[in-house]
Amino acid sequence: MSTQPTTISAGAPAGVLADAYGRVATDLRVSLTDRCNLRCTYCMPAEGVPWLPGDEILTNEELLRLIGLGVSRLGITTVRLTGGEPLLRKDLVPLVAAIGALEPKPQLALTTNGIGLAHRAEALVDAGLDRINISLDTLDPETFTTLSRRRRLPDVLAGVRAAREAGLDPVKINTVLLRGVNDHEAPDLLRWAMAEGVHLRFIEQMPLDAQHQWQRDEMVTAVEIMERLSEVGPLTPERSDDRGSAPAERFVVGGTGYRVGVIAAVTRPFCGACDRVRLTADGQIRNCLFSRTESDLRTAMRAGASDDELAAQWIRAVAAKLPGHGIDDPTFLQPDRPMSAIGG
Ligand code: SAM
Ligand code: SF4
């Protein structure tokens, strides 16, 4: 394995990871593992998926080299750790600490199902974690078991509490609604989030399940989500210029000042403002969740590629980004890898 150090410059030039449509990637999503301790039905089948072989998963040293390159040379300003379930990675706290020590320090975020967070939230914050998203689709223990095929709701709720107690603010909750399963719970989830003081965002279900069973007419659309939420109070859109490249459209819940987010990834795509690039657990750069091609940095790195060579390969991968995900195109093909292997 190469031990070549990453060159750290005083600050990365802006706009390095640019594509042909004028977008610049500054937000790096890093999948730390494709494994998970839940089996959410919209993500993977009950038996799970064939996991990546252990020797293909990047080590902390390799992750740091690539993330360091992104931060110091390629204009990455935000690093989000995800998976699979990133908390399954035993060396997560030292990794967070090492990323937090990079110069310039990126904003450091984690997307997790919350299981096991209760006893790690404080250590993660101490190590430099700035932001957290916790996935929670239901407050009903039976529905949780139907949806995730595991009886772990109390662990997730304990994780949410621990994140707040550790000082993460805001704690963001990601929710996917499935028709006939948990869609009736949208108002209760909103009332709960308001009472808990956490930010709630609903995400339209995307064609990224390992089983390839997503069906557009089964998806609960953003319009339907808002109809259900308006039971709590009238929803007023936040000014659109407050949205920037953030995918969530936010709505003020009448008479409360609380803002709820809706991510209409399918029905109102935000590809034109996308600033993301992804690194999979096995070291592939993906310029889009829905991309059907990847750029293999792991093989190049393990074969001894220099930082300049890795950076050039990364730049080429982002330059080839397509203008949109094309879900509505009749020729759309779901990527071979599921969301759990790409990094959500
Ligand atoms: N295991 C962690 C978790 O659940 O937060 C991180 C990985 S998970 C793939 C990241 C996010 O993707 C979660 O909020 C999850 O609900 C969401 N997700 C997974 N499959 C999805 C799908 N088919 N459509 C929309 N969101 C999905
Ligand atoms: Fe695991 Fe997250 Fe997929 Fe659920 S959505 S199965 S928690 S990776």
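Residues numbered from 1 in each chain as written. Chains lettered and ligands numbered in written order. Predicted model: local features only at pLDDT ≥ 70, side-chain atom pairs only at ≥ 80, totals over all residues. Heavy atoms only, no water.

(A) Geometry of the overall build of the protein chain. Scanning the protein chain from terminus to terminus reveals 10 helices and 12 strands. Taking 344 residues into account, the globule formula puts the C-alpha radius of gyration at 20 Å, and the protein chain, at 19 Å, falls close to it. Across the 344 residues of the protein chain, 54% fall into the buried class. Of the side chains in the protein chain, 38 bear a positive and 45 a negative charge, and the two mean positions are spaced by 1 Å. (Helix = DSSP H or I, 4+ residues; strand = E, 2+ residues; numbered from the N terminus. Rg over C-alpha atoms; globule rule 2.2 N^0.38 Å. Buried < 20%, exposed > 50% of the residue type's maximum accessible area, 1.4 Å probe, protein only. Lys, Arg positive; Asp, Glu negative; His and termini not counted. Charge placed at Lys NZ, Arg CZ, Asp CG, Glu CD.)

(B) Helix α9 (residues 307-319), seen in detail. Look at α9: 18 Å from first C-alpha to last across 13 residues, which is about the 18 Å you get at 1.5 Å a residue. All of the buried residues along α9 are Asp307, Leu310, Ala311, Gln313, Trp314, Ala317 and Val318. One side of α9 holds all its buried residues, which, seen down the axis, span an arc of 160 degrees. Those residues of α9 that are exposed and aimed more than 90 degrees away from the buried face are Asp308 and Arg316. Its buried side turned inward, α9 meets β1 (27-31), α1 (60-73), β10 (276-279), β11 (284-286), β12 (295-296) and α8 (297-302). (Expected span 1.5 Å × (residues − 1). Arc of directions from axis to C-beta. Contact = heavy atoms within 4.5 Å.)

(C) Just the site of ligand 1, in detail. Around ligand 1 there are 17 residues in total, and Tyr42, Gly84, Glu85, Ser135 and Met206 lie nearest to it. Take Tyr42: an N or O atom from its side chain is 3.1 Å from an oxygen atom of ligand 1. A distance of 3.4 Å separates an oxygen atom of ligand 1 from a polar atom in the side chain of Asn174. Surface burial for ligand 1 is 95%, taken as the share of its 540 Å² of free accessible area covered by protein chains. Looking at the shell around ligand 1 residue by residue, the classes come out as five nonpolar, 10 polar and two charged. (Near = heavy atom within 4 Å. Polar contact = N/O pair within 3.5 Å; in protein donor to acceptor, adjacent residues only side chain to side chain. Areas by Shrake-Rupley, 256 points an atom, 1.4 Å probe, with all protein chains shown as cover. Nonpolar A, V, L, I, M, F, W, Y, C, P; charged D, E, K, R; others polar.)

(D) Representation of unusual backbone geometry in the model. Backbone torsion omega between Glu103 and Pro104 reads -10 degrees, so that peptide bond is classified as cis. On the secondary structure map, Pro104 appears in the loop between α2 (92-100) and β3 (107-112). A cis geometry characterises the amide bond from Asp169 onward to Pro170, with omega recorded as 5 degrees. The phi torsion at Arg149 lies on the positive side, around 60 degrees, for a residue other than glycine.

(E) Here's a closer look at the pairing of β1. Among the five residues in β1, five count as buried, and that is most of the element. A crossover links β1 with its parallel partner strand β2 (residues 78-82), the connecting element being α1, and its sense is right-handed. Here four bridges tie β1 to β10, and the two strands are oriented parallel to one another. In the sheet register, Arg29 faces β10, and the bridge partner there is Arg278. (Right-handed = clockwise from strand over helix to strand, strands pointing away. Pairing = 2+ DSSP bridges.)

(F) Layout of the environment of Ala248. Looking at the element boundaries, Ala248 is found in the loop between β7 (235-237) and β8 (249-253). Accessibility expressed as a relative area gives 10% for Ala248, which makes it buried. Considering only alpha carbons, one finds Ala248 and Gly261, 13 residues apart in sequence, at a separation of 5.2 Å.

(G) Molecular detail of the nonpolar core. In this structure, Leu81 and Val260 are the most contacted members of the largest nonpolar core, which totals 98 residues. Excluding its chain neighbours within four sequence positions, the residues that come into contact with Val260 are Leu190, Leu200, Phe202, Leu229, Leu235, Glu249, Arg250, Phe251 and Val253. (Core = buried A, V, L, I, M, F, W, Y, C linked by side-chain atoms within 4.5 Å.)

(H) Region of the structure containing helix α7 (residues 222-229). For α7, the full list of buried residues reads Ala222, Ile225 and Leu229. Down the axis of α7, the buried side of the element spans an arc of 60 degrees, and every buried residue falls inside it.

(I) Seen up close, the sheet that holds β11. Spatially, 12 strands are ordered β7-β8-β9-β6-β5-β4-β3-β2-β1-β10-β11-β12 in an open sheet, and the strand pairing comes out mixed. The open sheet has two free edges, formed respectively by β7 and β12, since each of these has just one partner strand. Looking at chain direction, β10 and β11 are connected through two bridges and run antiparallel. Note on β11: the bridge partner recorded for Arg278 is Arg286. Lying on the sheet, helix α6 (residues 186-196) is in contact with β5 (171-176), β6 (199-203), β8 and β9 (259-263); it crosses β6 at an angle near 155 degrees. Packing of α7 onto the sheet brings it into contact with β6, β7, β8 and β9, and relative to β9 it is tilted by some 155 degrees. (Axes fitted to C-alpha atoms, helices over the stretch in contact; angles between N-to-C directions.)

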